[in-house]
Amino acid sequence: FFDYMDINHRLIQILRKSKSDIPASRAMERVVAMPVGALANCSGHSAYVPMAAESSLRDVLRLISDSARGDSEAGPMVRRVPIVSHGGEVLHVFSCLDFLDLALQFPGPSVMLRAQSAKTFDNRGTILQASVMTTDPVTSALEIMDAEHLTVC
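Attention in this report is confined to the structure presented alongside it. (Residues numbered from 1 in each chain as written. Predicted model: local features only at pLDDT ≥ 70, side-chain atom pairs only at ≥ 80, totals over all residues. Heavy atoms only, no water.)

**Focus on the pattern of salt bridges**
Counted only if it meets this: Salt bridge, as applied in this entry: a Lys or Arg side-chain nitrogen positioned within 4 Å of an Asp or Glu carboxyl oxygen. Numbering of helices and strands starts at the N terminus; helices are DSSP runs of H or I of at least 4 residues and strands are runs of E of at least 2. The buried label applies to any residue whose accessible area, calculated with a 1.4 Å probe on protein chains only, is under 20% of its type's maximum; exposed applies above 50%, and partly exposed to all values in between.
Overall, the coordinates contain two salt bridges when judged by the stated rule. One salt bridge in this structure joins E29 and R26, with 3.8 Å as the shortest N-O distance. Here R26 and E29 lie together in helix α2 (residues 24-33), a separation of three residues that amounts to about one turn. Owing to a relative accessible area of 49%, E29 belongs among the partly exposed residues under this scheme.

**Remarks on the environment of T139**
Basically, it comes down to this: The contact definition used throughout considers only heavy atoms, calling two residues in contact when any of these lie within 4.5 Å.
Within the secondary structure, T139 sits in helix α8 (residues 138-148). Overall, T139 belongs to the partly exposed group, its relative accessible area being 27%. Leaving out residues up to four positions away in the same chain, T139 has contacts with I12 and L15.

**Regarding the packing of helix α1 (residues 4-18) against α8**
Worth spelling out the cut-off: Throughout, an axis means a line fitted to C-alpha atoms (over the contacting stretch in the case of helices), and angles, computed between N-to-C directions, take values from 0 to 180 degrees. Helix crossings fall into two classes, left-handed where the near helix is turned counterclockwise from the far one by less than a right angle and right-handed where it is turned clockwise.
Contact geometry of α1 with α8 gives a least axis separation of 9 Å together with a crossing angle of 115°. Of the two elements, α1 crosses α8, and the hand of that crossing is left-handed. Residues M5, N8, H9, L11, I12, L15 and R16 of α1 lie in contact with α8, whose contacting residues are T139, L142, E143, M145 and D146.

**Concerning the sheet that holds strand β1 (residues 51-52)**
For the record, the criterion: Following DSSP output, two strands are said to pair if at least two bridges run between them.
Across the sheet, three strands lie side by side as β1-β2-β3; this open sheet has mixed pairing. The strands lining the two open edges of the sheet, one partner per strand, are β1 and β3 (90-95). Where β1 and strand β2 (residues 80-84) come together, two bridges link them in parallel fashion. Directly across from M51, in β2, lies its bridge partner I83.

**As for the side chain of S95**
With respect to the helices, strands and loops of the structure, S95 is situated in strand β3. Judged by relative accessible area, which is 18%, S95 ranks as buried.

Here's what the structure looks like:
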């Protein structure tokens, strides 16, 4: 899979290797001239494990949740699971959003999610290590995003 985080990762790699000898705009020119295949998943942000169409929903969800906890032997966190036919055709790419969409169609999960306190999502204790000051250069934000596998900073 190709993800915009791959562009960020390659840009930061080029800038680090050049030790700021080239402007970011020149590094970006190099990145956008590369074939997509040279960039696809170079950041590791879009790790995936294909599964057969006969796989159960439970197995797909287990793969995603185990890798998110670091319990999976699949390596990096799996964010997408391509569902593949016997002929190799990708039928669907399952992600966490598919699960959320499915779960919200039932009253139990909907009520439980609405009842969750905002405290569940409060991460002020770790937010500073993934933050930049408004006066910092953009490349500082891109470096943090690349190192921490974040989509925002």
